[in-house]
Amino acid sequence: MSDALLVLEDGTAFAGDALGARVRAHGEVVFTTAMTGYQEALTDPSFAGQVLVMTYPLQGNYGINRDDIESRRIQARAFVVREDCDTPSHWRSSGTLDAYLRENDIPGIAGIDTRALTRTLRTAGVMMGTLTHDETAEQALGRLRDLPAYGATDFVPWVSAREAYGYADDGASAAGGRHIVVLDLGVKYNILRVLHRLGCRVTAVPCHTSAEEVLALAPDGVLLSPGPGDPALLDYAMQAARGLVGKTPLMGICLGHQLLGEVFGARTYKLKFGHRGANHPVRDEATGRVYVTAQNHGYAVDDAGLDADVVVSHRNVNDGTVEGLTHRREAVMTIQYHAEASPGPLDSMYLFERFLAMVGEAAPTTAASGRRA
Amino acid sequence: MNKPDKVLIIGSGPIVIGQAAEFDYAGTQACKAMREEGVTSVLVNSNPATIMTDEGVADVVYIEPITVEVITRIIERERPDAILPTLGGQTGLNMAVALHDAGVLEKHNVRLLGTPLEAIRKAEDRELFRTMLEEIGEPVPLSMIVTDEASARAALDRIGLPAVVRPAYTLGGTGGGIAHSLDEYARIVEGGLRASPITQVLVEQSLLGWKEVEYEVMRDAVGNVITVCNMENFDAMGVHTGDSIVVAPSQTLSDKEYQMLRSASLNIISALGIEGGCNVQLALAPNPETTPWAVEPGRVLPPYYVIEVNPRVSRSSALASKATGYPIARVASKIAVGRTLDEIPNAVTRKTTAAFEPALDYVVVKIPRWPFDKFPFGDRALGTQMKATGEVMAVDRTFEGALQKAVRSLEIGGRSLLWEDPAWKEGHDERPLHPTDERLWSIMAAVRRGADLTALSRQTGVDLWFLHKLDNIVSMEKRLLAEPLTPALLRRAKRLGFSDVQIGTLADRLPEQVRGLREQWGIRPVYKMVDTCAAEFDAATPYFYSSYEQENEALPEPGKKALVIGSGPIRIGQGIEFDYCSVHAAWALGRAGYRSIMANSNPETVSTDFDTSDRLYFEPLDEESVRDILENEAGGGEDADAELPASIVQFGGQTAINLASALHAAGAPIIGSSSETIDLAEDRRRFEAFLGELGIPQPPGAAVLQVEDAITTAATLGYPVLVRPSYVLGGRAMEIVQNPTELARFVQQAAEVSRGKPILIDKYLEGKEVEVDAICDGERVLIPGIMEHIERAGVHSGDSMAVYPGVHLTAAEVDVIVDYTTRIGLALDVRGLMNVQYVIMPPESAAGATSVYVIEVNPRGSRTVPFLSKVTGVPMVRAAVHIMLGQSLREQGYEGGLWPRQPLVAVKAPVFSMSKLIGVDTYLGPEMKSTGEVMGIDATFPAALAKALLSADLALAPGGGVLLSVADQHKTSLLPMIHHLHDAGFRLYATEGTAGMIGALGLPVTQVTKRLQGHPNVLDVIQDGSVTCVINTPEGRYTGTLRDGFYIRRAATEKRIPCFTSIDTARAAVDALVAAMTHRGAGPAYQVRPLAEYRDGGA
């Protein structure tokens, strides 16, 4: 019955049932503990180059719909589940998970002990893996060894927009609102939706856009988006980030946060198995309040080298890692986690309002009105 | 906020439907939390069968009635600086409000912890609740009170159709309904107004068919909020969540819906300002676009409504705690004394804090346990009134597996999902697809017959996703019927939760053969950990569930160890007492240097708290599961010669004891009384011979297998006779029978229950009933105490009031009882606990002596173990466990014989949940009906009795009205009571015969007619409040439900006034009233003291 094989870099193999497209795929094998939101996760560009494992065993229960997408296609390389549901039930469902994977030419595997797999990744750390249908474990492992490591590849250009675009999901642009330019390093649609809902005019620009080009768009504020991969590979984006500091209010999310951390003198490093899920507690260091956050990152900012002007505004309650930065003199705020949720808790949406408040203070005259949604 | 030094914790009182063992779990966690925080805990609860009332759990324990007066006296004495009411269910919250309203909290400067008073009021008062939700923008369903045609029209305009119409104050909610059309609306409202005694109906927006979803949320004093768990009901809106099959986490909600409802729940707990836990129930539109129940065009419904908020720890939070491993009550308690969520360590991972949301990597299914196996004539329809007494939970990596394990855990006569009512075979329409306790099975039957799933979903409101899962189970049934068993098929069936018994039935094999094939093919369950974090962190919890997966995480516990088999779901006859015993067994093992392993299926209890034992297996308590656990602990079956660890079967009630012979046959060692001892005590035929050899008398009787034998036997014995099956608990299917016709019917019934085991027929002796629990080590028998029942034999011991010590027993009677108990214990070779029930018959002549008969011996821990342990101070379970491990009584410092009589009197009184069970006759008989118990303890019998009656809501206050309607044989006994009641200022109401007798005494009496013979009749005086209590004893024992007596008892129950159906209980209540009246003016009628002080006898 088993017709798919997941082989890890350390030789561990899991035999299961093929799901989605019958093609080989490889990538860094990572797990998320979020119990809902498989469609959002699959389409999250930050999963580019990765084989996504869901720790919740039942996936596909409510099917696939046209709305819950965070980018134009599935971004994960492959999908690993305990059980996929071929009879979904939801009024918004227009198809099954299996069909969706096939349409996107993405393979999956079901029927394996995903908890055992997760425990392996937790213990040994994330590693490369490959999904195959027509090889032995040894053959697959041999092939995997010749493939480039996840950390050696810059996935951002693959997921970023090719050209600048305006965002308005309801067709109406907020003409009077603030103009926010989003540097698209693999942005999730929900960041654009939220900014739009808050009354902003949103322009997303490709990852290679320079600071000068961004500033030429006369933004009221700039958001550096999340995205996949090792931030240390992104010289071009860090240059842009550096050029924007002090010129316009900045918000960095996830990869955007890591880039700004590097601009401010910090090093980034790889976490053993990352933070991926919808339940990570983050403490706001200014207030002591704890927020449950959505997270999806494998790298983190080491605060050791941070400039004296930069303050760690948020920390992870579990492991103390840096979750957010602010600057004493410049209008900059960053967060390592996903205030835009989707999937995940909505508790940190207030940060977008905080950003817009910062934008309002920085440029009190540029906007026609202070309209807020 | 500064931390309090001393906190008073209010318990929830007796176990009743809707308020069960979950509050013992919550209260126990609260006490532990206080200790960890360095706060002194003072606990008050009237329920002795709880772990929380153990000395050593709380710092100071009061087993006293939960009334304003008593708690005020405790506050005056203990001077706590704060009170924590949120762990004691609705009882605790109500008491907090009452204490506040009485000015007690203010007067003594006692701070209210957990939930602000305002929040309690907002959650309780419909209008305040609505206003608050509207203020924070959360949608609430519309409702309006309607009293006439005009207001009916106004309600229709505002609410639209369909609408639910609920008449006010009708018995069992009769006269209401759901109106889908204008005609229907007019008709139902008119009928409802007529049915309501105050001509009032509530018209509510109908949410029938909407998904019902619950969130368990927490908040600390600085405003941090988290969600512990969400849960989705298999049964759509319309069935009480306590009566719903519940799944965690939600299965059919998209992330958008999950987060929308999560945010709403967090908004609500924030708006209420709760510091602790809160439960929010929501209705989610299954399909807002095509809702067939949508209102008129143009009106847009919100995607969800808030239905209910419990501003406290609840049954659902106990379930959520067990489903996730997140200890809600413990965290809530720490928050209440000022901790923030991120300051509280996560006891499961020991690395992270309580400020996070558990991630599940398994499916949890809860199924309620209903009492209809005991009350087949009760109304089985499920609606807004909860009817379940308990629940089971199962965990697996598939929904099908969790569901089927939960069904096995229910312990309804070995019923699996394959079960069908023979009546369903006829036609489709015969199956009850409306909500009942059997609907899961009737839906299965429909799926099995190829019903269209979409139509079935529309008809039942059960989401299609669940029906597809049931269909998966049915497909496997068909494959097992048709295909040869192969390793792949067998493994697939096990993944879907099929038991060896089920597979055997379908594949035509014996269960043992299926097990053999599994062994041969290496198909064994592995055990996965419940770790709160989906394996993200390396957790230290020893909490496991089985699954047919690859990796086993429960490697055998090293060293000396033993398995304690728990008692499963709380049901009538097998209540929280057995959980108390199981918990103590685990603790005793730990004390003796053994690793304790607990197996149980009940999410409400202390025994399934992950830190009660060294290791917890959340599993069904059947042969297959227990043997799997034992084999896993022996090394996972890899080594065929590995020794299975020992099992302890004598604390988990009949559930555990019934496994003894199967475990013995499978070569699993049992410590304590052997399977042979158990069989000898339980098999009536053998036991009769055994007692005969000892020369100990028992009521004449015999064990029979056939109706014919029964009739011959009864004729020899003479009627009335007592009929019962062997091997059951709680007097199931037990009856006192007056004639051969009744006998034939009952033998039939009993035969079904006892499944091939003999049926017992005894001469019925209506004497004084006495009960003892004893501890035996094979050489000595220690009797901690003797309990005398207030009701004469014939009322089930679980439904009787019991008095410690036997205050009315003669020294000679005590000697005989001690002698018999000792000889039985030694001759049976009991190792551990034993319970013996006696009946004492009056002398046949004035000069003669009383005679003592043995009615029953149970070779296991009994219902009275917690009661007796507490009042005597003898740690009975611990002593029994140490005996099992080889330490004699003497080595433990005990001699045999009767333990010194304590300078106190304790009365245990049963508590019933009859107002919740429509159609059930409430009279006391040999079949147990109570759901819980309370204890009154004091220095004297009258004071202890008064407190027991008070806690059981049976206390009489002078100057009420009493309806008397008793059978002829009780009229003489009634005479002195009539005088006492009259003297206490009671107005007397009576039916014809009784009224005649009262009139002849020269006392004023109002004669009432029978039910259908004019006014005022027996029901009128109950319903209009003229009478405040009823004394009604049934004519003959088996009374048809059409008789007046049934209606009188039901009316009194639904009016919630005391209704005495045993003349003995009535006498006790009247005596207590007389004592109180005599005592009046001489200071408080009873003392209020910590439990230990009563035992010390100190002044």
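Thresholds, definitions, all that
Residues numbered from 1 in each chain as written. Chains lettered and ligands numbered in written order. Predicted model: local features only at pLDDT ≥ 70, side-chain atom pairs only at ≥ 80, totals over all residues. Helix = DSSP H or I, 4+ residues; strand = E, 2+ residues; numbered from the N terminus. Rg over C-alpha atoms; globule rule 2.2 N^0.38 Å. Buried ≥ 20, exposed ≤ 12 C-beta atoms within 10 Å, placed from the backbone. Contact = placed C-beta atoms within 7 Å. Pairing = 2+ DSSP bridges. Axes fitted to C-alpha atoms, helices over the stretch in contact; angles between N-to-C directions. Nonpolar A, V, L, I, M, F, W, Y, C, P; charged D, E, K, R; others polar. Core = buried A, V, L, I, M, F, W, Y, C linked by C-beta atoms within 7 Å. Domains from an automatic or database assignment. pLDDT = per-residue confidence, 0-100. Parallel < 35°, antiparallel > 145°, perpendicular 65-115°, else oblique.

**Student:** Teacher, can you tell me more about the overall build of chain B here?
**Tutor:** When its secondary structure is counted, chain B shows 36 helices and 39 strands. Against the compact-globule benchmark of 31 Å for 1099 residues, chain B has a radius of gyration of 29 Å, which places it among compact chains. Taken along its principal axes, the extent of the C-alpha atoms in chain B is 90 × 80 × 70 Å. Residues classed as buried in chain B amount to 59% of the 1099 residues present. Here the analysis covers contacts within chain B between residues at least 6 apart in sequence; of these, 70% occur between residues at least 24 apart.

**Student:** Help me understand the overall build of chain A in this model?
**Tutor:** Looking only at helices and strands, one finds 10 helices and 19 strands in chain A. Taking 21 Å as the expected radius of gyration for a compact globule of 373 residues, we find that chain A reaches 20 Å, a close match to that expectation. Each of the three principal axes of chain A carries a C-alpha extent, and together these read 65 × 45 × 35 Å. Every one of the 373 residues in chain A was classed for burial, and the buried ones make up 58%. Long-range pairs, those at least 24 residues apart, make up 77% of the contacts in chain A between residues at least 6 apart in sequence.

**Student:** Help me understand the sheet that holds strand β19 (residues 561-565) of chain B, please; the structure alone is not making it clear to me.
**Tutor:** In any sheet, the strands associate via hydrogen bonds between backbone groups, in a parallel or an antiparallel arrangement. All names here are of chain B. Strands sit in the order β17-β18-β21-β20-β19-β22 across an open sheet of six strands; the sheet is mixed. On the outer flanks of this sheet lie β17 (526-529) and β22 (646-648), each paired with one strand and no other. Mean inter-strand twist for the sheet, computed between neighbouring axes without regard to direction, equals 30°. Here β19 pairs with strand β20 (residues 595-600) via five bridges, running parallel. Following the sheet pairing, V564 is matched in β20 by M598. Packing against the sheet, helix α20 (residues 623-633) makes contact with β17, β18 (543-547), β19, β20, β21 (615-618) and β22, and its axis sits at approximately 165° to β19.

**Student:** Sorry if this is basic, but what is going on with the interface of chain A and chain B here?
**Tutor:** Quoted interface sizes are often the accessible area lost when the parts come together. The partner chain B presents 46 residues to the 39 residues of chain A that form the contact. Every element with two or more residues in the side of chain A that touches chain B is listed here: α3 (114-124), β15 (267-284) and β16 (290-302) of chain A. Counting residues per element, the side of chain A that touches chain B draws most heavily on α3 of chain A, at five residues. Grouping the amino acids of the side of chain A that touches chain B by side-chain chemistry returns 16 nonpolar, 13 polar and 10 charged.

**Student:** Just to check I follow, could you spell out the pairing of strand β4 (residues 50-54) of chain A for this structure?
**Tutor:** Moving residue by residue along a regular strand, the side chains alternate between the two faces of the sheet. Residues and elements named next belong to chain A. Most of β4 is tucked away, with five of its five residues classed as buried. Along β4, one buried face is formed by Q50, L52 and M54 and the opposite face, lined by V51 and V53, is buried too. Bridging between strand β3 (residues 25-32) and β4 involves five bridges; their strand directions are parallel. Looking at β4, one finds that V30 is bridged to L52.

**Student:** It is not clear to me how the nonpolar core should be interpreted in this structure. Could you clarify?
**Tutor:** Note that soluble globular proteins tend to have their nonpolar side chains buried in a common cluster. Within the largest apolar cluster, 452 residues are counted, with the highest numbers of intra-cluster contacts made by L52 of chain A together with I9, V723, L949 and V1030 of chain B. For this core, the leading source of residues is helix α19 (residues 576-591) of chain B, giving 10 residues. Taken domain by domain, the makeup of this core includes at least three residues from each of domain 1 (4-152) and domain 2 (156-361) of chain A. V1030 of chain B has contacts with L963, I1022, I1048, A1052, I1057, C1059 and F1060 of chain B, leaving out every residue within four places of it along the chain.

**Student:** Teacher, can you tell me more about the domain arrangement of chain A here?
**Tutor:** Residues and elements named next belong to chain A. Domains assigned within chain A are domain 1 (4-152) and domain 2 (156-361). Residue assignment for the side of domain 1 that touches domain 2 shows that the elements contributing at least two residues are β3, α1 (38-42) and α3. Top element by residues in the side of domain 1 that touches domain 2 is β3. It accounts for three residues. For the side of domain 1 that touches domain 2, the residue count by class is 10 nonpolar, 10 polar and four charged.

**Student:** How should I be thinking about unusual backbone geometry in this particular structure?
**Tutor:** Generally, phi is negative for residues other than glycine and the peptide bonds are trans, each holding for most cases. Each neighbour pair has its own omega, and for S342 of chain A with P343 of chain A the value is 5°, a cis peptide bond. Its location among the elements puts P343 of chain A in the loop between β19 (332-335) and α10 (350-362). With omega at -10°, the peptide bond leading from A248 of chain B into P249 of chain B counts as cis. Within the secondary structure, P249 of chain B is located in the loop between β12 (246-248) and α9 (255-272). Backbone geometry at A218 of chain A places phi at a positive 55°, although glycine is not the residue there. We classify A218 of chain A as exposed; it has 11 C-beta atoms within 10 Å. For R79 of chain B, which is not glycine, the phi torsion reads 50° and is therefore positive. Assignment of secondary structure puts R79 of chain B in the loop between α2 (68-78) and β4 (82-84).

**Student:** I would appreciate a short explanation of the sheet that holds strand β11 (residues 179-183) of chain A in the present structure.
**Tutor:** All names here are of chain A. The mixed open sheet is built from 10 strands, whose spatial order is β10-β12-β11-β13-β14-β19-β18-β17-β15-β16. Looking along the sheet, the strands with just one partner apiece sit at the ends: β10 (165-167) and β16. Taken pair by pair, the neighbouring strands of this sheet meet at an average axis angle of 25°, ignoring direction. Inspection of the sheet shows strand β14 (residues 250-253) paired to β19 by four bridges, in the parallel sense. Its bridge partner being in β19, L250 is matched across the sheet by V332. Sitting on the sheet, α10 is in contact with β13 (221-224), β14 and β19, with an inclination near 165° to β19.

**Student:** Looking at this structure, how should I read the pairing of strand β38 (residues 1029-1032) of chain B?
**Tutor:** All names here are of chain B. Residues C1029 and I1031 line one face of β38 and the alternating positions V1030 and N1032 line the opposite face, and both faces are buried. Pairing analysis gives four bridges linking strand β35 (residues 961-965) to β38, with the strands arranged parallel. Across the sheet, residue V962 finds its bridge partner in β38, namely C1029. Sheet analysis places β38 next to strand β39 (residues 1059-1060), joined by two bridges and oriented parallel. Looking at the pairing, I1031 lines up with F1060 of β39.

**Student:** Would you explain the environment of P569 of chain B in this entry?
**Tutor:** Checked against the element boundaries, P569 of chain B lands in the loop between β19 and α19. When the C-alpha atoms of P569 of chain B and T505 of chain B are compared, they prove to be 25 Å apart, with 64 residues separating the residues in sequence.

**Student:** Would you take a moment to explain the environment of M128 of chain A for this structure?
**Tutor:** Residue and element names in this part refer to chain A. Among the secondary structure elements, M128 is positioned in strand β9 (residues 127-132). On the neighbour-count criterion, M128 (22 C-beta atoms within 10 Å) is buried. For the pair M128 and E262, spaced 134 residues apart in sequence, the C-alpha to C-alpha distance is 26 Å. If we skip the residues at most four places from it in the chain, M128 touches E9, H26, E28, L144, A149 and Y150.

**Student:** Looking at this model, I keep getting lost on the confidence of the model for chain B. Mind explaining?
**Tutor:** Note: predicted coordinates in regions of low pLDDT should not be interpreted at a detailed level. Of the residues in chain B, 95% reach a pLDDT of 70 or more, and the chain-wide mean stands at 91. Scored as a complex, the prediction yields pTM 0.95 and ipTM 0.96.

**Student:** Where do I start with the packing of helix α15 (residues 464-482) of chain B against helix α17 (residues 500-507) of chain B in this structure?
**Tutor:** Geometrically, a packed helix pair is captured by the angle between its two axes and the distance between the axes. Residues and elements named next belong to chain B. Close contact between α15 and α17 brings their axes to 7 Å; oriented N to C, the two are set at 55°. By the criterion of interaxial angle, the relationship of α15 to α17 is oblique. For the pair α15 and α17, the contacting residues are E477, L480 and L481 in the first and I503, L506 and A507 in the second. When grouped by side-chain class, the residues that make up the contact of α15 with α17 number five nonpolar, no polar and one charged.

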